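Residue strings, one per chain:
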Amino acid sequence: MQIGDLIKVKDGCFMGGKMGLIVKLGQDAKGSPRYWVNLIGSVPKAIEGKSIMYRAERFTVLSKSTNNPNK
């Protein structure tokens, strides 16, 4: 997974069923990957435009971004 991938948050998680874009990659103290996602669509005003942190098992990737202009 990389920045710009389109994801869908799994049901049962915070804002389940929403779609979003990965905007930042990181890891926790144990080295587990963390992804910050900007949600798309109608979201509460308090989190509008803010990135939400998710673990990889909390969402599925719908479409991969192609950041390579040579392909």
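Here's a quick rundown of the structure. As the structure is a prediction and not an experimental result, all values here were calculated from the model. (Residues numbered from 1 in each chain as written. Predicted model: local features only at pLDDT ≥ 70, side-chain atom pairs only at ≥ 80, totals over all residues. Heavy atoms only, no water.)

## Here we look at a nonpolar patch on the surface
Phase 1 of the analysis: Residues Met 19, Leu 21, Val 23, Ile 40 and Leu 62 make up a contiguous nonpolar surface patch of roughly 380 Å² in combined accessible area.
Phase 2 of the analysis: Locating Met 19 in the fold gives a position in strand β2 (residues 19-27).
Phase 3 of the analysis: The exposure class of Met 19 is partly exposed, given its relative accessible area of 35%. (Patch = residues over 30% accessible without salt bridge, like charges linked within 9 Å, V, L, I, M, F, W, Y side chains within 5 Å. Areas by Shrake-Rupley, 256 points an atom, 1.4 Å probe, with all protein chains shown as cover. Salt bridge = Lys/Arg side-chain N within 4 Å of Asp/Glu carboxyl O. Helix = DSSP H or I, 4+ residues; strand = E, 2+ residues; numbered from the N terminus. Buried < 20%, exposed > 50% of the residue type's maximum accessible area, 1.4 Å probe, protein only.)

## Remarks on the pattern of salt bridges
Phase 1 of the analysis: All chains considered together, the criterion is met by two salt bridges.
Phase 2 of the analysis: Between Arg 34 and Asp 28 there is a salt bridge, and its shortest N-O distance comes to 2.8 Å.
Phase 3 of the analysis: Using a relative accessible area of 17% as the deciding quantity, one classes Arg 34 as buried.
Phase 4 of the analysis: The salt bridge partner of Arg 55 is Glu 57, with a shortest N-O separation of 3.3 Å.
Phase 5 of the analysis: When its relative accessible area of 31% is taken as the criterion, Arg 55 is described as partly exposed.

## Observations concerning the packing of aromatic side chains
Aromatic rings considered in pairs are described by the distance between their centres and by the relative angle of their planes.
Phase 1 of the analysis: Evaluated as defined, the whole model comprises one aromatic pair.
Phase 2 of the analysis: For the ring pair Tyr 35 and Phe 59, a centre distance of 5.6 Å and an interplane angle of 90° mean the geometry is edge-to-face. Of this pair, Tyr 35 sits in strand β3 (residues 33-40) while Phe 59 sits in strand β5 (residues 59-63), and the two are 24 residues apart along the sequence. Phe 59 shares its class with Tyr 35; the two are buried.
Phase 3 of the analysis: We note Lys 24 situated over the ring of Trp 36; from NZ or CZ to the ring centre the distance is 4.8 Å. (Phe/Tyr/Trp six-rings, centres within 6.5 Å; stacked < 30°, edge-to-face > 60°. Lys NZ or Arg CZ within 6 Å of the ring centre and 35° of its normal.)

## A few points about the sheet that holds β3
Phase 1 of the analysis: Strand order in this open sheet of five strands is β4-β3-β2-β1-β5, and the pairing throughout is antiparallel. Each having just a single partner strand, β4 (51-54) and β5 make up the two edges of the open sheet. The sheet shows a mean angle of 45° between the axes of neighbouring strands, direction not considered.
Phase 2 of the analysis: Pairing of strand β1 (residues 6-9) with β5 involves four bridges; the strand directions are antiparallel. The residue of β5 that forms the bridge with Leu 6 is Ser 63. (Pairing = 2+ DSSP bridges. Axes fitted to C-alpha atoms, helices over the stretch in contact; angles between N-to-C directions.)

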